[in-house]
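Topology and contacts: notes
So the chains spell out like this:
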Amino acid sequence: MNWEHIKIPNGVTSIFCNVYITNKNAMNIIVTHTPIVSTLEMQQAYEPLIELGVNVFAFDFSGTGKSGGKEKDFSRDSIVKDMDAVVDYIETNYSSNIHVFGNTGIGGMFAQYYVSSSNRIKSFAQFACVDYKNTAGIGYPYAVVKALCSGLGLLPNLHFTMKPPKYRGYNEDKDNNFYKVLEQRYPDIWKTSSKILQAMLECFVASDSTIKNGVNVPTLVFKTMHDRYFKPEYFDAYYNSLTCKKKLVQIDDTHNSYYFDSITFCTTVYQWFKENQ
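We now turn to the structure provided with this report. (Residues numbered from 1 in each chain as written. Predicted model: local features only at pLDDT ≥ 70, side-chain atom pairs only at ≥ 80, totals over all residues. Heavy atoms only, no water.)

With respect to the overall build of the protein chain
Put simply, the test is: Strands here mean DSSP runs of E at least two residues long; helices mean DSSP runs of H or I at least four residues long; both are numbered from the N terminus. Each radius of gyration is computed over the set of C-alpha atoms, and the globule rule expresses the reference value as 2.2 Å times the number of residues to the power 0.38. Here the term buried applies to any residue with accessible area under 20% of the maximum for its type, exposed to any over 50%, and partly exposed to those in between, with areas from a 1.4 Å probe on protein chains only. Contact between two residues is taken to exist if any of their heavy atoms lie within 4.5 Å; hydrogens are not considered. In these tables, accessible area is a Shrake-Rupley quantity obtained with a 1.4 Å probe, and a residue counts as shielded only by the protein chains included in the view. A residue counts as positive if it is Lys or Arg and as negative if it is Asp or Glu; His and the chain ends are not included. Charge positions come from single atoms, namely NZ of Lys, CZ of Arg, CG of Asp or CD of Glu.
Counting its regular elements, the protein chain contains 9 helices and 10 strands. Here the protein chain has a C-alpha radius of gyration of 17 Å; the compact-globule value for 277 residues is 19 Å, and the two agree. With respect to the principal axes defined by its C-alpha atoms, the protein chain has extents near 45 × 45 × 40 Å. Scored against the burial criterion, the 277 residues of the protein chain give a buried share of 57%. Contacts in the protein chain between residues at least 24 apart in sequence constitute 77% of all its contacts with a sequence separation of at least 6. Of the roughly 12,100 Å² that the protein chain leaves accessible, carbon and sulfur atoms contribute 49%. For the protein chain, the distance from the average site of its 27 positive side-chain charges to the average site of its 27 negative ones is 4 Å.

Notes on unusual backbone geometry
Phi at Lys-133 takes a positive value of approximately 70°, unusual for a residue other than glycine. By the element assignment, Lys-133 lies in the loop between β6 (123-127) and α4 (142-153). Judged by its relative accessible area of 47%, Lys-133 is partly exposed. For Asn-171, which is not glycine, the phi dihedral falls at a positive 55°. Within the element layout of this structure, Asn-171 appears in the loop between β7 (159-161) and α5 (172-185). Judged by its relative accessible area of 31%, Asn-171 is partly exposed.

Concerning the side chain of Thr-268
Rules: Think of a polar contact as two N or O atoms within 3.5 Å of one another; within protein, one of them needs to be a possible hydrogen donor and the other a possible acceptor, and neighboring residues in sequence only count if both atoms come from side chains.
Within the secondary structure, Thr-268 is located in helix α9 (residues 262-275). Engagement of the side chain of Thr-268 in a polar contact is seen with the backbone oxygen of Thr-264, the distance being 2.8 Å. Setting aside residues no more than four positions away along its own chain, Thr-268 makes contact with Leu-220, Phe-222 and Val-249.

Considering the nonpolar core
Using the following cut-off: We call a set of buried Ala, Val, Leu, Ile, Met, Phe, Trp, Tyr and Cys residues a nonpolar core when their side-chain atoms join them within 4.5 Å.
In terms of nonpolar packing, the biggest core is built from 54 residues, with Ile-30 and Phe-110 touching the most fellow members. Considering every element that reaches this core, the biggest residue donor is helix α6 (residues 194-205), with 8 residues. When sequence neighbours within four positions are dropped, the list of residues in contact with Phe-110 reads Pro-35, Phe-61, Phe-74, Ile-79, Ile-196, Ala-199, Met-200 and Cys-203. Counting 34 residues, the second largest nonpolar core, distinct from the first, contains Met-27, Met-42, Leu-49 and Ile-251.

Quick word on the packing of helix α2 (residues 76-93) against helix α3 (residues 106-117)
Just so we agree on the cut-off: Orientation is described by axes fitted as lines to C-alpha atoms, over the contacting stretch for helices, and by angles from 0 to 180 degrees between their N-to-C directions. Working definition: roughly parallel below 35 degrees, roughly antiparallel above 145 degrees, roughly perpendicular at 65 to 115 degrees, and oblique for all remaining angles. Each residue receives one of three labels: charged for Asp, Glu, Lys and Arg, nonpolar for Ala, Val, Leu, Ile, Met, Phe, Trp, Tyr, Cys and Pro, and polar for the others, Gly being one of them.
At their nearest, the axes of α2 and α3 sit 9 Å apart, and the two run at 75° to each other. Here α2 is positioned roughly perpendicular relative to α3, judged by the angle of their axes. For the pair α2 and α3, the contacting residues are Arg-76, Ile-79, Val-80, Met-83, Asp-84 and Val-87 in the first and Phe-110, Ala-111, Tyr-113, Tyr-114 and Ser-117 in the second. By residue class, the composition of the contact of α2 with α3 is 8 nonpolar, 1 polar and 2 charged.

Some points on the packing of α4 against α6
The following threshold applies: Each crossing gets its handedness from the near helix: less than a right angle anticlockwise from the far helix is left-handed, clockwise is right-handed.
Contact geometry for α4 and α6: axes closest at 9 Å, N-to-C directions at 140°. When the axes of α4 and α6 are compared, the pair comes out oblique. Here α4 runs over α6; the crossing is left-handed. On α6, the residues that touch Tyr-142, Val-145, Lys-146, Leu-148, Cys-149, Leu-152 and Gly-153 of α4 are Ser-194, Lys-195, Leu-197, Gln-198, Leu-201, Glu-202 and Val-205. Residue composition of the contact of α4 with α6, grouped by class: 8 nonpolar, 3 polar and 3 charged.

What follows is the structure, given as structure tokens:
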């Protein structure tokens, strides 16, 4: 079998999905990622899954990557609509044995938003997380994030240059070089859409954010000990807030270890999904 590129119907547009099918009755894993490049760029992060006898559906959110739609329409609602469309496609063509792997930072946050909104999947694993109203993970006080959300909601779709925070410490050269390579391939990679930024911030503070409802399916949380964005205590706070069946997996490495050590991440995710299918 080989990777296939398909378009999944989504209203008047379509979703680009990088798909690997083992067989019709295999476990199905949906993979989300931070929507700054196409899922094809992140394939190394989830490719080890194909050695484990599963079907993989890694997609680009509407208005990003190779998917249809317009970036100006990106929102929390569009995240849910996109993921529902992927789930519909899988249920129609394969089975309802569906699990979600929220990967590469914001991909984990957006996947958490969906899983908090839906009861259509069997289990969940996430890299990066949203602890509702705890904005320490994004580096700004709660009041500032609330104000930013209000301001962004009044603006048309703009682009802001938002580079990753500088990092010094364990495996710093390897972690920093990962971003340097991306910047060489995509010089405008850090020009973030105001609509994507707004959706991300609203996950933390919006009064109607489904994040506050919590996740109700078995959830695995990766805790990276040398993460440039999240302190270990942030992962602990989120994990402790979960009331579902849960597991915390500590990774003694940097933020981008999901990419460098993807075999460990994917194997751990698969074992969790297998336990909860």
